[in-house]
Each structure stands twice: as structure tokens, then as C-alpha cells.
Amino acid sequence: LKQFAQQTTADNVVVGMVSSDDDAPGITDSYALKGSTVMEEQLCGNKILFSTYSFFQNNTKMAEAMVKHCNSVLQQYQTQQATLLDVYGGAGTFGICLAELFKRTLIIDTEGPNIRCAEENIKNNGLEKVQAVRGDAAVLGKMAAKAGIRGELFAITDPPRIGMGQKAIKALVD
């Protein structure tokens, strides 16, 4: 692998370990043989950094199509005074790309590497009304209250392969 990393023209070569007895999606441990474990993509005019530890839609055209579809749906509503919750937000793909439609955006994810990337993405894209919060979707109400969110809410969820737990669904509906 080291020889490959030296010879390839790729900017990053990352080795990741996935536990065979764990249902959790994603890489549980990784290191860079070349470059970094943080990747970069341009999405809808935004610079998005994401961790190799996390899921990221690597088909940029599809990711942009999904964001544009969400944008077209949200354009049908009065969102300028509302808050967007980007639940299971990862590096903030949806929250960052749709933030201009909302008074405030909250990107929520359980994984530290995702939140660190989301915070960097918020800073890199100059988004003052966007915040990244590490937390479980099952306690959305508590997170929203702690963040001082009041008024109308819109939510986008992009859950892991195992789906949304019943507590998270209940918290979102409540």
C-alpha cells in the first residue's frame, strides 16, 4: 500500500478499518498513507470538507440534484423567519447549501469528526447564521431548546443505513 500511495496521482490515500461484527455504518478507524483523512468537494458553490470516517455522497452530481430538489420544495414555503434542522447532517451538506433560505440553520450529528468538518465548512463558507451541534436525533427537543430555537421549524433528515430510530422520529414529530 505504501508503494501504491507513493506512485498514485491521487491526492489522498486512506486506509480504513471496518468492524465485521458491528452494524454501525462507516469506518471506525482510519489513517492517511498520503494526504489527509479529510477530503474536499465543491457542492452547489460551497466548499465542503468531510471526514473519511463519515458518509458523504461521492456522486457530486447526484448530491447537487438532491440539494436542488430540496431547495425547490422549500421555495414553496415562507422560510426566511424559520429554522432549518439538518438532522444526521454530517459535514453539513444540506444545511450549508440551503442556509440562505432560513433565518437560522442547525446541523446535528452524533459523530465528532462530522461536527468538526461542519464547523470548518460553516467558517469556510462565511455562514454566520449556521451552527453545528453534536447530539443524538432522539433528543432534538432538548438540543433545540438549548440552542434557543423558537418558532417555525423545517427539518431535513439523511439518516444512516439503519434508518431513524423510533425515539428520533418521535422527537422530530414533537
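Residues numbered from 1 in each chain as written. Predicted model: local features only at pLDDT ≥ 70, side-chain atom pairs only at ≥ 80, totals over all residues. Heavy atoms only, no water.

1. Structural notes on the packing of aromatic side chains
Next, step 1: Applying the stated criterion across every chain yields a total of three aromatic pairs.
Next, step 2: Geometrically, the ring pair formed by F50 and F56 is stacked, given 4.0 Å between the ring centres and 5° between the ring planes. The pair formed by F50 and F56 is uniform in burial state, with each residue classed as buried.
Next, step 3: The rings of Y77, F102 and F154 are connected pair by pair, giving a single aromatic cluster. (Phe/Tyr/Trp six-rings, centres within 6.5 Å; stacked < 30°, edge-to-face > 60°. Buried < 20%, exposed > 50% of the residue type's maximum accessible area, 1.4 Å probe, protein only.)

2. Looking at the pairing of strand β5 (residues 83-87)
Next, step 1: Counting buried positions over the five residues of β5 gives five, a clear majority of the element.
Next, step 2: Side chains T83, L85 and V87 project from β5 onto one buried face, and the interleaved L84 and D86 project onto a second face that is buried too.
Next, step 3: Where β5 meets strand β6 (residues 104-109), five bridges bridge the pair, whose relative direction is parallel. In the strand pairing of β6, L84 is matched with T105.
Next, step 4: The parallel pair β5 and β6 is bridged by helix α3 (residues 93-98), and the resulting crossover is right-handed.
Next, step 5: Strand direction decides the pairing type here: β5 and strand β8 (residues 153-157), joined by five bridges, are parallel. (Helix = DSSP H or I, 4+ residues; strand = E, 2+ residues; numbered from the N terminus. Pairing = 2+ DSSP bridges. Right-handed = clockwise from strand over helix to strand, strands pointing away.)

3. Section: the environment of G126
Next, step 1: Within the fold, G126 resides in the loop between α4 (112-124) and β7 (130-134).
Next, step 2: A residue is classified by how much of its surface remains accessible, and G126, at 56% relative accessible area, is exposed.
Next, step 3: The spacing of G126 and T52 is 74 residues in sequence and 24 Å in space, taken between C-alpha atoms.

4. Section: the pattern of salt bridges
Next, step 1: Inspection of the entire model under this criterion finds two salt bridges.
Next, step 2: Among the salt bridges present, the one from K47 reaches E40, with a minimum N-O distance of 3.9 Å.
Next, step 3: The class for E40 is partly exposed, based on a relative accessible area of 47%.
Next, step 4: A salt bridge links E120 to K123, with the shortest nitrogen-to-oxygen separation between them at 3.8 Å. Remark: K123 and E120 occur in helix α4; sequence separation between them is three residues, near one turn of the helix. (Salt bridge = Lys/Arg side-chain N within 4 Å of Asp/Glu carboxyl O.)

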